[in-house]
Amino acid sequence: MVGHERPATKGITMYVVTGATGSLGRLAVRQLLDRVPADQVAAVVRDKGKAADLAARGVELRVADYDDPASLRGAFAAGDRVLFISGSEVGRRAAQHQAVVDAAKDAGVALLAYTSVLGGPKADFDLARDHQYTEQAIIDAGVPHTFLRNGWYTEVYTESLGQVLERGALVGSAGRGRVASAARADYAAAAVAVLTGEGHENKAYELSGDVAWDLDEYAAEVSRQSGKEITYRSVTPEEHREILTAAGLPEPVVALLLDIDGAIARGLLAGTSGELSRLIGRPTTPLSDSVAAALRS
């Protein structure tokens, strides 16, 4: 595979972000540009057109697709420090991620920072399986790495705030389980800190918000800020399945949502290790701030 390696830029470290046009990827690229010159930043994208704004800022665009191993041979170069953002296609990610790991190994990257899941090998919910596979693949490849075991994004809830306000309620089967969420920008900041910092090789960080909350508290916060009474309707997993199915969601999505709420109910996303705030050098974004930002948008 040596013939497919990109030539390293002599004396210059390149900071590479995969999935750079996604929500987390864009935040990471923008925060990198606050720390390093644009000519040291590369964005791996499937569609150059969607990254025109990044190119306009001087970011190098490298076109590759997780589903096309051949394209990934041009995505990395020897000495690159890479933020490997996990794919979004649950059920297909094992093969996709293996292709990225193989390409990173063949290129000789200096660091592969992978966005994994809170709990890593100890997480017992379905969503964690692809991440566990990928962590092991990276270890087996012998690539210098950092596992960024991200907890829940607050935006998972606030991005559907309009629907909640319209219905006056949110429904779930998480019971009184707590979620130590943080804003995507917090997780992006941690990734950039690792990518541009020293001493993070072959470490795993359990990343989560400073404060855990439950859905009753979330509903109360939305009520307080919106001036509209919002309630949390806690249902059984069976009832939740019926509601989601009746709403027209496909079975794989229904299964995923039930699996996540089950993990929350078991306390698997409630940990507050403090590692995220330590990496970013500030407290994580409070739930109230995220709700306020969503209401303004």
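Cut-offs and rules
- Residues numbered from 1 in each chain as written.
- Predicted model: local features only at pLDDT ≥ 70, side-chain atom pairs only at ≥ 80, totals over all residues.
- Heavy atoms only, no water.
- Helix = DSSP H or I, 4+ residues; strand = E, 2+ residues; numbered from the N terminus.
- Buried < 20%, exposed > 50% of the residue type's maximum accessible area, 1.4 Å probe, protein only.
- Contact = heavy atoms within 4.5 Å.
- Pairing = 2+ DSSP bridges.
- Right-handed = clockwise from strand over helix to strand, strands pointing away.
- Patch = residues over 30% accessible without salt bridge, like charges linked within 9 Å, V, L, I, M, F, W, Y side chains within 5 Å.
- Areas by Shrake-Rupley, 256 points an atom, 1.4 Å probe, with all protein chains shown as cover.
- Salt bridge = Lys/Arg side-chain N within 4 Å of Asp/Glu carboxyl O.
- Core = buried A, V, L, I, M, F, W, Y, C linked by side-chain atoms within 4.5 Å.
- Phe/Tyr/Trp six-rings, centres within 6.5 Å; stacked < 30°, edge-to-face > 60°.
- pLDDT = per-residue confidence, 0-100.
- Polar contact = N/O pair within 3.5 Å; in protein donor to acceptor, adjacent residues only side chain to side chain.

J.: Where do I start with the environment of Val17 in this structure?
T.: Within the secondary structure, Val17 sits in strand β1 (residues 15-18). The exposure class assigned to Val17 is buried, which follows from its relative accessible area of 0%. For the pair Val17 and Phe84, spaced 67 residues apart in sequence, the C-alpha to C-alpha distance is 6.4 Å. If we skip the residues at most four places from it in the chain, Val17 touches Gly25, Ala28, Val29, Leu32, Ala42, Ala43, Val44, Leu83 and Ile85.

J.: Hey, could you run me through the pairing of strand β6 (residues 145-150) in this one?
T.: In summary, the side chains of a regular strand alternate between the two faces of the sheet. With respect to burial, β6 is a largely interior element, 6 of its 6 residues being buried. Side chains of β6 alternate between two faces, with His145, Phe147 and Arg149 and Thr146, Leu148 and Asn150 buried alike. Looking at chain direction, strand β5 (residues 111-117) and β6 are connected through 6 bridges and run parallel. Bridged to Thr115 within β6 is Leu148. Once the chain exits β5 it traverses helix α5 (residues 129-141) before rejoining the sheet at β6, and the crossover so formed is right-handed. Relative to strand β8 (residues 203-207), β6 is paired through 5 bridges, and the arrangement is parallel. Across the sheet, Asn150 pairs through a bridge with Leu207, a residue of β8.

J.: Can you walk me through a nonpolar patch on the surface in this structure?
T.: Where nonpolar side chains cluster on the molecular surface, the patch consists of Leu249, Val253 and Leu257 and spans about 190 Å² of accessible area. Its place among the elements puts Leu257 in helix α11 (residues 251-265). Leu257 sits in the partly exposed class, given a relative accessible area of 32%.

J.: Hey, could you run me through the nonpolar core in this one?
T.: One broad rule of soluble globular proteins: the nonpolar side chains tend to lie buried together. Ranked by internal contacts, the top residues of the largest apolar core, which has 36 residues, are Val17, Val29, Leu32, Leu54, Leu83, Leu148 and Leu207. When residues of this core are traced back to their parent elements, those giving at least two are β1, α1 (23-33), β2 (41-45), β5, α8 (184-196), β8 and α12 (275-280). The greatest single-element share of this core, amounting to 8 residues, is contributed by α8. Once residues within four sequence positions are removed from consideration, Leu148 is found in contact with Leu83, Ala113, Tyr114, Thr115, Ser116, Ala191, Val194, Tyr205 and Leu207. In terms of nonpolar packing, the next biggest core, distinct from the first, is built from 27 residues, Val117, Ile230, Ile260 and Ala263 among them.

J.: Even after reading the chapter, I still don't get the pattern of salt bridges, so can you show me in this structure?
T.: Close approach of charged atoms allows side chains with opposite charge to pair. Counted under the stated rule, the structure contains 19 salt bridges. Between Arg26 and Asp53 there is a salt bridge, with its nearest N and O atoms 2.7 Å apart. One end of the pair, Arg26, is in helix α1; the other, Asp53, is in helix α2 (residues 52-56), and 27 residues separate them in sequence. The buried category is assigned to Arg26, whose relative accessible area is 16%. When salt bridges with common partners are traced through the structure, they connect Arg176, Arg178, Asp214, Asp216 and Glu217 into a single cluster.

J.: Got a minute to help me understand the packing of aromatic side chains in this structure?
T.: The description of an aromatic ring pair uses the distance of the two centres, along with the angle that the planes make with each other. Enumeration over the complete set of coordinates arrives at 6 aromatic pairs. Taken together, a centroid distance of 5.8 Å and an interplanar angle of 50° make the contact between Tyr157 and Tyr218 tilted. Taken together, the residues span a long stretch of sequence, with Tyr157 in helix α6 (residues 155-158) and Tyr218 in helix α9 (residues 215-226) at a distance of 61 residues. In this structure, Tyr157 and Tyr218 share a single accessibility class: buried. Counting every residue linked through ring pairs, the aromatic cluster contains Tyr66, Phe84 and Tyr114.

J.: Any chance you could explain the confidence of the model for the chain here in plain terms?
T.: Interpretation of this model should avoid reading the predicted coordinates in detail wherever pLDDT is low. For the chain, the average pLDDT comes to 94, and 96% of its residues sit at 70 or higher. Note that residues 1-8 has pLDDT below 50 and, in this model, 16 contacts with residues that lie over four places away or in other chains.

J.: Is there a simple way to think about unusual backbone geometry in this case?
T.: It is generally the case that most residues other than glycine have a negative phi and that most peptide bonds are trans. With phi around 60°, Asn202 is a residue other than glycine that occupies positive phi space. Relative to the elements of secondary structure, Asn202 occurs in the loop between α8 and β8.

J.: In this structure, what is going on with the environment of Ala246? I would like to understand it.
T.: Its place among the elements puts Ala246 in helix α10 (residues 237-246). The class of Ala246 is exposed, set by a relative accessible area of 71%. With 47 residues separating them along the chain, Ala246 and Gly199 place their C-alpha atoms 50 Å apart.

J.: Just to check I follow, could you spell out the side chain of Glu135 for this structure?
T.: In this structure, Glu135 sits in helix α5. A distance of 2.7 Å separates the side chain of Glu135 from the side chain of Ser116, its partner in a polar contact. In contact with Glu135, not counting residues within four places along its chain, are Tyr114, Ser116, Gly120, Pro121, Phe147 and Arg149.

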